[in-house]
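Structural overview
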Amino acid sequence: MALGLLWLGLVLLGALQTQAQDSTPNLIPAPPLRRVPLQPDFQDEQFQGKWYVLGLAGNEFNKEKHGQFKIYSTTYELNEDNSYNATSTLAWNQTCDHWLRTFIPTLWRGQFTLGNIERYTGIQRYILRVAATDYVQFAMVFFKKIYKHQEYFKITLYGRTKMLTPELKENFITFAKSLGLTDHHIIFAIPIDECMDE
């Protein structure tokens, strides 16, 4: 009887372990920040303004689940303390949804942390790092967050217009792959007009 209970306990323990492994996402590890470029001599005034999200790549994105994402915009408004108010505007359920965050500058020009982080349940750390930009056409921005002790990262391809050139697309793919992502993790926005001129 005791041996039978021991076996039953071991079988249940194995089943629970398997279930726990299946529910934990198998994510590509986030690269250390030292592997992510930082825009030299970052110009915060030139970076502010409206950007369209043309592409996304990250360890929690995949083409099957997120391949139909629609273009949206994020406007960065520079404050006197060199922080940004970032307002994203996207079409959602036949309305225009707005999402506001504040990014606080760090010791490195072009790198920011999320302000009021305690408002975001489960997020322990959130970094925005401008990897590359020419300020007038494109920007590639790296985001890294620790959410419930799990590291997530993404790269956002911004454009000042809704146009995605083949060269810009190729540069974005190359950058994403240099950080360990695959084609499966890289998606490009479907152009829409709703909410884009707000």
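Presented here is a report on the structure given in the accompanying data block.

Parameters and conventions
Residues numbered from 1 in each chain as written. Predicted model: local features only at pLDDT ≥ 70, side-chain atom pairs only at ≥ 80, totals over all residues. Heavy atoms only, no water. Disulfide = S-S within 2.5 Å. Helix = DSSP H or I, 4+ residues; strand = E, 2+ residues; numbered from the N terminus. Buried < 20%, exposed > 50% of the residue type's maximum accessible area, 1.4 Å probe, protein only. Phe/Tyr/Trp six-rings, centres within 6.5 Å; stacked < 30°, edge-to-face > 60°. Lys NZ or Arg CZ within 6 Å of the ring centre and 35° of its normal. Expected span 1.5 Å × (residues − 1). Arc of directions from axis to C-beta. Contact = heavy atoms within 4.5 Å. Pairing = 2+ DSSP bridges. Lys, Arg positive; Asp, Glu negative; His and termini not counted. Salt bridge = Lys/Arg side-chain N within 4 Å of Asp/Glu carboxyl O. Polar contact = N/O pair within 3.5 Å; in protein donor to acceptor, adjacent residues only side chain to side chain.

What follows deals with the state of the cysteines. Going through the model one piece at a time under the given rule, you end up with 1 disulfide. With a sulfur-sulfur separation of 2.0 Å, cysteine 96 is cross-linked through a disulfide to cysteine 195. The disulfide joining cysteine 96 to cysteine 195 has a torsion of about -90 degrees about its S-S bond and is therefore left-handed. Of the two residues, cysteine 96 sits in strand β4 (residues 95-105) while cysteine 195 sits in the segment after β9 (186-188), which places them 99 residues apart along the sequence. The exposure class assigned to cysteine 96 is partly exposed, which follows from its relative accessible area of 28%. Residue class for cysteine 195 comes out buried when judged on its relative accessible area of 9%.

Right, let's get into the packing of aromatic side chains. Within the structure shown, the criterion is met by 15 aromatic pairs. Ring geometry for tyrosine 76 versus tyrosine 84: centroids 5.6 Å apart, planes at 80 degrees, classification edge-to-face. The exposure class assigned to tyrosine 76 is buried, which follows from its relative accessible area of 3%. Residue classification places tyrosine 84 among the buried residues on the basis of a relative accessible area of 1%. Between the aromatic rings of phenylalanine 172 and phenylalanine 188, the centroid separation amounts to 5.8 Å while the plane-to-plane angle is 70 degrees, which identifies the pairing as edge-to-face. Here the residue phenylalanine 172 occupies a position in helix α4 (residues 166-178), and phenylalanine 188 occupies one in strand β9, the gap between them amounting to 16 residues. The ring of phenylalanine 143 has lysine 154 lying over it, and the distance from NZ or CZ to the ring centre is 5.0 Å. A cation sits over an aromatic face here: lysine 169 above phenylalanine 188, 4.9 Å from the ring centre.

With that out of the way, let us pick up α4. When the terminal C-alpha atoms of α4 are compared, their 18 Å separation across 13 residues agrees well with the 18 Å that a helix rising 1.5 Å per residue should span. Along α4, the residues classified as buried are Leu168, Phe172, Ile173, Phe175 and Ala176. Looking down the long axis of α4, one finds its buried residues gathered within 165 degrees of arc, a one-sided arrangement. Away from its buried face by more than 90 degrees, α4 exposes Pro166 and Glu167. On its buried face, α4 sits against β1 (49-58), β6 (123-133), β7 (138-147), β8 (150-159) and β9.

Let us now look at the pairing of strand β3 (residues 84-92). Here strand β2 (residues 72-78) pairs with β3 via 6 bridges, running antiparallel. Considered in β3, the bridge of tyrosine 76 is made with alanine 86. Here β2 folds back onto β3 in antiparallel fashion, the turn holding 5 residues, of which asparagine 82 has a positive phi close to 70 degrees. As judged from the 9 bridges shared by β3 and β4, these two strands associate in the antiparallel manner. The partner of threonine 87 across the bridge, within β4, is leucine 100.

Tracing the backbone shows arginine 160 in the loop between β8 and α4. In this structure, arginine 160 is buried with no salt-bridge partner, the nearest side chain bearing the opposite charge being aspartate 134 at 6.8 Å. Only 3.0 Å separates the side chain of arginine 160 from the backbone oxygen of glutamine 46, close enough to count as a polar contact. In terms of polar contacts, arginine 160 uses its side chain to reach the backbone carbonyl oxygen of glutamine 48, at 3.2 Å. Not counting the four nearest positions on each side in its chain, arginine 160 is found in contact with Gln46, Phe47, Gln48, Gly49, Lys50, Trp51, Tyr52, Tyr135, Val136 and Gln137.

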